[in-house]
Amino acid sequence: MQGLMQEWPLLCHKILDHAARQHGEREVVTRSIEGPIVRQTYAQLRSRALKVAQQLQRDGYGLGDRIATLAWNTARHLEAWYGINGIGAVYHTLNPRLFPDQIAWIMNHAEDKLLFVDLTFVPLAEKILPQVPSVKKVIVFTDAAHMPQTTLPGAVAYEDWLAQADGDFQWLALDENTASGMCYTSGTTGDPKGVVYSHRSNVLHAMMAVQPDAMGLSSRDAVMPVVPMFHANAWGLAQSAPMVGAKMVMPGGKLDGESVYELLDTEKVSCTAAVPTVWLMLLQYLESSGKKLHYLKRVIIGGSACPRAMTEKFERDFGVEVIHAWGMTEMSPLGSLCTMKPQHANLAGDALLDVKQKQGFAPFGVEMKVTDDDNNELPWDGKTFGRLKVRGPAVARAYYGGAGYEQFDDENWFDTGDVAHIDENGYMQVTDRAKDVIKSGGEWISTIELENLAVGHPDVAEAAVIGVRHPKWDERPLLVVVPKPGKQPDKQELLNFLEGKVAKWWLPDDVAFVDEIPHTATGKIQKTTLREQFRQYQLPTA
Ligand code: AMP
């Protein structure tokens, strides 16, 4: 027997319809690339998205066409996503922090047909597009007054292009499994791999994200996605914030501590999200300026492990709740969030921080397990670690073009490449990337745990731990440290600081000081480069 309920396809543009109807006056505020703060409402944003869709269709784009964007978080970028989706085309975000050749490779692989680009990235696009013959037209997110001289093919100012449409348009009726968006993984090894979101997966993911035990979003929130729309689908915020009618604050291209602070305060942001590097800059600004966070209630931190000292600072010094989150481009991207369960109600101080160090538990819609190398499931005891595998309706079942098929098994479990353990309460903690874990005498040492402890030292700005070849133990940990400006920490003192906090045999064999640690285009420590840099390093114990 079948249920007798309606077929109501889960389509992204229905989210914007809902936002415009129920929360039409709520604002989407942007720090524009041209400079001034620009204010719009959801009702206006929907009207403009309809014009985007109408114009795209008039220009001959349609179902399944990949339309690239090389842009910061702005209302224009957001309405373009919805307009693209409204004709069944696919938004394809490009990460401007990649090398031009890599971006060209990705665009050719996706066979992009059109590019929306911010003023900031016009010079970058001019370098890339001669290598991408499939792109015949470029729309620059600006108006005629700010339109630069450019060699870009078929370049037109967005506002001029949009002004040709009257907005008398109806979204296409689509199957909910139609592709909606595309994002390539960073590919630290091998070629980048394309993840293809569907309308259905984006809508279900947004419903997961807004739940009270996840991001807990509502129409009473003002949400600032500092995490760029080009990084892992903006953590779903482009869909989840409009779904609940939260005010949105789009920071444009200025992500330094002072600029982020200014928007948090003037726009009364209650919830924000980004990688730890961004929050490091904000906290440094707060420290040097003596400013306070008057309105911020929650900060969602993920993309790489949130250092304990960061959680402590936000929560104790500024009264802001930290929600540590873990996810992947392949998971739309949320996989787990560290909000508290009733069993933690009486925890305080260090015991509470111990839990908040974990990446948290999976919301409904994400299944999770850890296995050994032979695919045997490991117990949820908070210490036995193994390969972390996931599945769910917003988890990829394949990469575009069939790359990386070995990461997916017959039962749809996706091997994340992360090493983790899960505790009795279901809280997962990432201990490493499988390729970064240090194998010392056959036992595993978690580099993330050592790094987290090291950045707790008052003189340490950033820390990375890598395995260095050792004649007896195969590999031993080396701690690489960027000192805080003006500080010169002592090697032995740093090692003493770690002592007693981890098993004795986990303690690094040496400490190296550097001016800078290399990062990937999504802000993660680039361990491959670092390992290469220290390949010949002689440990004192070797
Ligand atoms: P991306 O797809 O670029 O977001 O990268 C996903 C990877 O980032 C994951 O597989 C993890 O290795 C890492 N990652 C994301 N969030 C966290 C976190 N909270 N703690 C540790 N690693 C994380």
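Our structure is the block above this text.
Residue positions within a chain follow its written sequence, with the count starting from 1. For this predicted model, a pLDDT threshold of at least 70 governs which residues receive local features, and a threshold of 80 or more governs which side-chain atom pairs are given and counted, while totals over whole chains, interfaces and linings are taken from all residues. Side-chain calculation: all heavy atoms of the structure are included, whereas hydrogens and water are not.

**Student:** Can you explain the overall build of the protein? Please cite residues and give values.
**Tutor:** Of the regular secondary structure elements, the protein holds 15 helices and 24 strands. For a compact globule of 542 residues, the expected C-alpha radius of gyration is about 24 Å, and the protein comes in at 23 Å, within 12% of that figure. When its C-alpha atoms are laid out on the principal axes, the protein stretches across 70 × 65 × 45 Å. For the protein, the residues scored as buried account for 57% of the 542 residues in total. Counting contacts in the protein only where the partners sit at least 6 residues apart, residues at least 24 apart contribute 67% of the total. All accessibility values rest on the Shrake-Rupley procedure with a 1.4 Å probe; residue burial counts only the protein chains present in the view. Accessible surface, the protein as shown: approximately 22900 Å² in total, 50% of it carbon and sulfur. Working convention for charge: Lys and Arg count positive, Asp and Glu count negative, and His plus the chain ends are omitted. All charge positions are set by atom: Lys at NZ, Arg at CZ, Asp at CG, Glu at CD. Computing the positive centroid from 53 side-chain charges and the negative centroid from 67, the protein places the two 2 Å apart. Secondary structure elements are taken from DSSP: a helix is a run of H or I of four residues or more, a strand is a run of E of two residues or more, and numbering for both begins at the N terminus. For the radius of gyration, the atoms used are the C-alpha atoms, and the globule rule reads 2.2 Å times the number of residues raised to 0.38. Buried residues are those whose accessible area, probed at 1.4 Å on protein chains only, stays under 20% of the maximum for their type, while exposed residues exceed 50% and partly exposed ones sit between those limits. Note on definitions: a residue-residue contact is assigned when non-hydrogen atoms from the two residues lie within 4.5 Å.

**Student:** Break down the sheet that holds strand β4 (residues 90-93) for me, citing the residues and quoting the values.
**Tutor:** With respect to topology, 7 strands assemble into an open sheet ordered β7-β6-β5-β3-β4-β8-β9, the strand pairing being mixed. Each having just a single partner strand, β7 (155-157) and β9 (194-198) make up the two edges of the open sheet. The sheet shows a mean angle of 25 degrees between the axes of neighbouring strands, direction not considered. As judged from the 4 bridges shared by strand β3 (residues 66-70) and β4, these two strands associate in the parallel manner. Residue pairing for β4: Arg66 is matched across the bridge by Val90. Every angle, taken between N-to-C directions, lies between 0 and 180 degrees, and every axis is a line fitted to C-alpha atoms, over only the stretch in contact when it is a helix. Packed onto the sheet, helix α4 (residues 100-110) meets β3, β4, β5 (114-117) and β8 (179-184) and runs at close to 150 degrees relative to β8. Here, strands pair whenever DSSP counts at least two bridges between them.

**Student:** Run through the packing of helix α3 (residues 75-86) against helix α8 (residues 237-244), naming residues and quoting values.
**Tutor:** Running from N to C, α3 and α8 cross one another at 90 degrees; their axes reach a closest spacing of 11 Å. It follows from the interaxial angle that α3 and α8 lie roughly perpendicular. In contact with Leu78, Trp81 and Tyr82 of α3, α8 contributes Ala238, Gln239 and Pro242. Polar here means any residue outside two lists: the nonpolar Ala, Val, Leu, Ile, Met, Phe, Trp, Tyr, Cys and Pro, and the charged Asp, Glu, Lys and Arg; Gly therefore counts as polar. Along the lines of polarity and charge, the residues of the contact of α3 with α8 split into 5 nonpolar, 1 polar and no charged. Working rule for angles: under 35 degrees goes down as roughly parallel, over 145 as roughly antiparallel, 65 to 115 as roughly perpendicular, anything else as oblique.

**Student:** Before we move on, could you go through the environment of Ala163 and cite the residues and values that matter?
**Tutor:** Tracing the backbone shows Ala163 in helix α6 (residues 158-163). Of the residues examined, Ala163 reaches a relative accessible area of 61% and is grouped as exposed. Sequence separation between Ala163 and Met182 is 19 residues, and the spatial gap between their C-alpha atoms is 27 Å.

**Student:** Got a sec to walk through helix α7 (residues 199-210)? Specific residues and values, please.
**Tutor:** Along an α-helix, residues three or four positions apart point the same way, because every turn accommodates 3.6 residues. For a helix, the expected span equals 1.5 Å multiplied by the number of residues minus one. The end-to-end C-alpha distance of α7 is 17 Å, a good match for the 16 Å that 12 residues give at a rise of 1.5 Å each. Across the 12 residues of α7, 10 count as buried, placing the element largely inside the fold. For α7, the full list of buried residues reads His199, Ser201, Asn202, Val203, Leu204, His205, Ala206, Met208, Ala209 and Val210.

**Student:** Residues and numbers for the sheet that holds strand β18 (residues 414-422), please.
**Tutor:** Strands sit in the order β16-β17-β18-β19 across an open sheet of 4 strands; the sheet is antiparallel. With one partner strand each, in any of the chains shown, β16 (367-371) and β19 (428-433) form the two edges of the open sheet. This sheet shows a mean twist of 45 degrees between the axes of neighbouring strands, independent of strand direction. Across 4 bridges, the pairing between strand β17 (residues 386-391) and β18 is antiparallel. Counted as the bridge partner of Arg387 is Val419 from β18.

**Student:** Pulling in residues and values, what's your account of the packing of helix α9 (residues 257-266) against helix α10 (residues 276-289)?
**Tutor:** Where α9 meets α10, the axes come as close as 8 Å, and the angle between the chain directions of the two elements is 80 degrees. Classified by the angle their axes make, α9 and α10 are roughly perpendicular. Touching Gly257, Glu258, Val260, Tyr261 and Leu264 of α9 are Trp279, Met281, Leu282, Tyr285 and Leu286, all from α10. Class assignment for the residues of the contact of α9 with α10 results in 8 nonpolar, 1 polar and 1 charged.

**Student:** Which residues make up the side chain of Asp509, and what values do they have?
**Tutor:** For Asp509, the position within the fold is in the loop between α14 (491-498) and β24 (510-513). Residue class for Asp509 comes out buried when judged on its relative accessible area of 14%. Throughout this description, a polar contact denotes any pair of N or O atoms lying within 3.5 Å of each other; where both atoms belong to protein, one of them has to be capable of donating a hydrogen while the other can accept it, and for residues adjacent in sequence the pair is counted only when both atoms sit in side chains. Here the side chain of Asp509 touches Thr541 through a polar contact of 2.5 Å, side chain to side chain. Sequence-distant contacts of Asp509, defined by excluding residues within four places in its chain, comprise His470, Arg476, Pro477, Leu539, Pro540 and Thr541.

**Student:** Quick one: what's the story with the side chain of Gln357, residue by residue and with numbers?
**Tutor:** By the secondary structure assignment, Gln357 is in the loop between α12 (349-356) and β16. Among the residues examined, Gln357 registers a relative accessible area of 8% and is labelled buried. Beyond its immediate sequence surroundings of up to four residues, Gln357 is in contact with Cys306, Pro307, Arg308, Thr311, His324, Gln429 and Asn452.

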